[in-house]
Amino acid sequence: MPDNQLQLENVDACVFDAYGTLFDFNSAAIAARDELGEDWQRLSDLWRLKQLQYTWLRGLGQQHADFWQVTGDALDFALATLKIERPGLRERLMNLYLELKTYPEVPTMLQELKARGFKLAILSNGSPSMLDAVIKNSGLEGVFDGVFSVEEVGVYKPHPSVYALAAKGLSLDPSQICFLSSNGWDAFSAKAFGFQTLWCNRFGQPPERIPATPDGEILDLSVLPPMLK
């Protein structure tokens, strides 16, 4: 159950997953509803599912490719599965993925944390060019003290080397970092690495059955600033 009364102590930095946590991955398909019609949600759900599956499969098979290729491969699978064939639609959706919208509470939440002196960073599967584009298009340039991509280590989350990027890049012990993700598997794995962790359970998911449990569960990021001492 969400616990908005939880207080986290000795936090010097907040590190955020990007897709699904700060940026709404559904917004690409929503923006193409004029072409997708009622299929937009099914397309978005399957696209996201295969995108994550391909990161795990590539990691296990030691066949790394950057997130742009993985995202395109997942989209191709989703379009083929749903039998959606429209000229130019794939290119349009891929370009829209570089323009994902933030969730409504994100800009104000980030501004409040920055004003209070917390270091802010992104730790994402996204490639550097993808992250640069979505940050710029959402007007968040200059907000983050670090933007860490798995491309630095050549393997996707939840490999521990990915989480280590944030601790090393911010020159902090993992215990000084509050990590936030809307993906349960990501939040649980980040806690196992040693971060203080909040699971932003936007989608009403059940808890994962994997080692470690996040310190708390929240419904969105608006409640984060009061939780940090």
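Here the structure is shown first, and the text comes after it.
Keep in mind that what you see is a predicted model, and the values were worked out from it rather than measured.

About the thresholds
Residues numbered from 1 in each chain as written. Predicted model: local features only at pLDDT ≥ 70, side-chain atom pairs only at ≥ 80, totals over all residues. Heavy atoms only, no water. Axes fitted to C-alpha atoms, helices over the stretch in contact; angles between N-to-C directions. Helix = DSSP H or I, 4+ residues; strand = E, 2+ residues; numbered from the N terminus. Parallel < 35°, antiparallel > 145°, perpendicular 65-115°, else oblique. Left-handed = near helix turned anticlockwise from the far one by under 90°. Contact = heavy atoms within 4.5 Å. Nonpolar A, V, L, I, M, F, W, Y, C, P; charged D, E, K, R; others polar. Pairing = 2+ DSSP bridges.

S.K.: Explain the packing of helix α8 (residues 160-170) against helix α9 (residues 184-193) to me, please; I cannot follow it from the model alone.
M.R.: When two helices pack together, you describe them by how their axes are tilted relative to each other and by the distance separating the axes. Put simply, α8 and α9 touch, their axes get as near as 10 Å, and they point 70 degrees apart. Considering their axes alone, α8 and α9 lie roughly perpendicular with respect to each other. Of the two possible hands of crossing, α8 and α9 adopt the one that is right-handed. Residues Pro160, Tyr163 and Ala164 of α8 form the contact with α9, whose participating residues are Asp186, Ser189, Ala190 and Phe193. Taken together, the residues of the contact of α8 with α9 break down into 5 nonpolar, 1 polar and 1 charged.

S.K.: How should I be thinking about the sheet that holds strand β4 (residues 177-181) in this particular structure?
M.R.: Backbone hydrogen bonds hold the strands of a sheet together, and the pairing may be parallel or antiparallel. With parallel pairing, 6 strands are arranged side by side in an open sheet as β3-β2-β1-β4-β5-β6. Single-partner strands in this sheet number two, and they are β3 (146-149) and β6 (216-218). The sheet shows a mean angle of 25 degrees between the axes of neighbouring strands, taken without regard to direction. The strands touched by α8 are β1 (13-16), β2 (119-124), β3 and β4; relative to β2, the strand with the most contacts, the crossing angle is about 155 degrees.

S.K.: Looking at this structure, I do not really get the environment of Thr71. What am I missing?
M.R.: Relative to the helices and strands, Thr71 resides in helix α4 (residues 67-81). On a C-alpha basis, the gap between Thr71 and Thr55 in space is 9.4 Å, while along the polypeptide they are 16 residues apart. Once residues lying within four places of it in the same chain are set aside, the contact partners of Thr71 are Trp47, Gln51, Met94, Tyr97 and Met130.

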